[in-house]
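Per-entry structural report
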Amino acid sequence: GAGVSQSPSNKVTEKGKDVELRCDPISGHTALYWYRQRLGQGLEFLIYFQGNSAPDKSGLPSDRFSAERTGESVSTLTIQRTQQEDSAVYLCASSFLGANTEAFFGQGTRLTVV
Amino acid sequence: EDKVVQSPLSLVVHEGDTVTLNCSYEVTNFRSLLWYKQEKKAPTFLFMLTSSGIEKKSGRLSSILDKKELFSILNITATQTGDSAVYLCAVHNTNAGKSTFGDGTTLTVKP
């Protein structure tokens, strides 16, 4: 596609429910990143994919968070048993190779846990 | 633990002013430093810096890196209201995917 696409753009969920966030990276980009941004704060690294493998999952805040990527394209970030502290904007980015190249960001998913 | 500190946290200027935004970092195995502009949700790329002392320039924006003192600055000259945004600094280490962002500087340019 022309840019990184994320869906849904907004999600309101009840505490304890599971949510799934989707990211479609730019076609041909092998690297994909997920970040979390709380209000007024910088981006918090969650996970990085190179192709379909995730060499760095160090940023996932708890075992309620998981992510997968299939076909070197679409990625989903799943949050199980959501908590109010999970409320944030979840941003996805992709790049051609990895950390030494420019990353292109999607518009994010604003998650609100009530 | 890798750390990126940006200053000031916020800045209000008038159109035409020149601003300097700061980013200092502590990171193991530094690879590159990137500046992004975030207006609504999606940050957009401004500069990537890997070598000390080489200025990158794009229109009214410029940036430089000092790897000895571990900081970078982003300059914006002749500011315009459209420059109002959050400016984010990010540092990559050689662990290919890991990046650390600062909390950003919120710039407001008043007409």
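The coordinates are above.
A brief look at the structure comes next. (Residues numbered from 1 in each chain as written. Chains lettered and ligands numbered in written order. Predicted model: local features only at pLDDT ≥ 70, side-chain atom pairs only at ≥ 80, totals over all residues. Heavy atoms only, no water.)

Below, the discussion takes up the overall build of chain B. Looking only at helices and strands, chain B has 0 helices and 11 strands in total. Listing every helix and strand of chain B by position from the N terminus yields β-β-β-β-β-β-β-β-β-β-β. For chain B, the C-alpha radius of gyration of 13 Å lies close to 13 Å, the compact-globule estimate for 111 residues. Seen through its principal axes, chain B has C-alpha atoms that stretch 45 × 30 × 20 Å. (Helix = DSSP H or I, 4+ residues; strand = E, 2+ residues; numbered from the N terminus. Rg over C-alpha atoms; globule rule 2.2 N^0.38 Å.)

Within chain A, the regular secondary structure consists of 0 helices and 11 strands. Of the regular secondary structure in chain A, the N- to C-terminal order runs β-β-β-β-β-β-β-β-β-β-β. Compactness check: chain A gives a C-alpha radius of gyration of 13 Å against a globular reference of 13 Å for 114 residues, within 12% of the reference. Along the first, second and third principal axes, the C-alpha set of chain A runs to 35 × 25 × 25 Å. In chain A, which comprises 114 residues, the proportion classed as buried is 47%. The long-range share in chain A, meaning contacts at least 24 apart out of those at least 6 apart in sequence, stands at 55%. Accessible area of chain A: about 5,200 Å², with a carbon and sulfur share of 47%. (Buried < 20%, exposed > 50% of the residue type's maximum accessible area, 1.4 Å probe, protein only. Contact = heavy atoms within 4.5 Å. Areas by Shrake-Rupley, 256 points an atom, 1.4 Å probe, with all protein chains shown as cover.)

What follows is about the side chain of Lys-41 of chain B. Of note, Lys-41 of chain B is situated in the loop between β4 (30-38) and β5 (43-49). Side-chain polar atoms of Lys-41 of chain B contact the backbone oxygen of Ser-9 of chain A, separated by 3.3 Å. Beyond its immediate chain neighbours, meaning those up to four positions away, Lys-41 of chain B contacts Ser-9, Asn-10, Leu-91, Gln-107, Gly-108 and Arg-110 of chain A. (Polar contact = N/O pair within 3.5 Å; in protein donor to acceptor, adjacent residues only side chain to side chain.)

A few words now on the sheet that holds strand β3 (residues 19-26) of chain B. Residues and elements named next belong to chain B. Read across the sheet, 5 strands follow the order β1-β3-β8-β7-β6 without closing on themselves; strand pairing throughout is antiparallel. The open sheet terminates on both sides in strands that have one partner only, identified here as β1 (3-7) and β6 (56-58). Across the sheet, the mean angle from the axis of one strand to that of its neighbour is 15°, orientation sign disregarded. As defined by bridge partners, β1 adjoins β3 across 5 bridges and the pair is classed as antiparallel. By the bridge assignment, Ser-7 is partnered in β3 with Asn-22. (Pairing = 2+ DSSP bridges. Axes fitted to C-alpha atoms, helices over the stretch in contact; angles between N-to-C directions.)

Below, the discussion takes up the state of the cysteines. This model, assessed by the stated rule, comprises 2 disulfides over all chains. Residue Cys-23 of chain A pairs covalently with Cys-92 of chain A via a disulfide, S to S 1.9 Å. Residues Cys-23 of chain A and Cys-92 of chain A share a disulfide whose torsion about the S-S bond is about -65°; that sign makes it left-handed. With Cys-23 of chain A in strand β3 (residues 19-24) and Cys-92 of chain A in strand β9 (residues 88-95), this residue pair connects regions lying 69 residues apart in the sequence. The same class applies to Cys-23 of chain A as to Cys-92 of chain A, namely buried. Disulfide partner of Cys-23 of chain B: Cys-89 of chain B, at an S-S distance of 1.9 Å. Linking Cys-23 of chain B and Cys-89 of chain B, the disulfide has an S-S dihedral of approximately -65° and is accordingly described as left-handed. Of this pair, Cys-23 of chain B sits in strand β3 while Cys-89 of chain B sits in strand β9 (residues 85-93), placing them 66 residues apart in sequence. (Disulfide = S-S within 2.5 Å.)

A word on the interface of chain B and chain A. Across the boundary between the two partners, chain B contributes 22 residues, which contact 25 residues of chain A. Note on chain B versus chain A: buried area summed over both sides is about 1,800 Å², and carbon and sulfur give 54% of it. Counting the contacts that link chain B with chain A gives 0 salt bridges. Taken together, the connections running from chain B to chain A amount to 4 residue pairs in polar contact (both at pLDDT 80 or more). (Buried area = accessible area lost by both parts, 1.4 Å probe. Salt bridge = Lys/Arg side-chain N within 4 Å of Asp/Glu carboxyl O.)

For the rest of this paragraph, the subject is the pairing of β3 of chain A. All names here are of chain A. Only one face of β3 is buried: it carries Val-19, Leu-21 and Cys-23, and the other face, with Glu-20, Arg-22 and Asp-24, is open. Pairing geometry for strand β1 (residues 5-7) and β3, over 3 bridges, is antiparallel. Bridge pairing links Ser-7 to Arg-22 in β3. Taken together, the 5 bridges between β3 and strand β8 (residues 75-79) define a ladder with antiparallel strand orientation.

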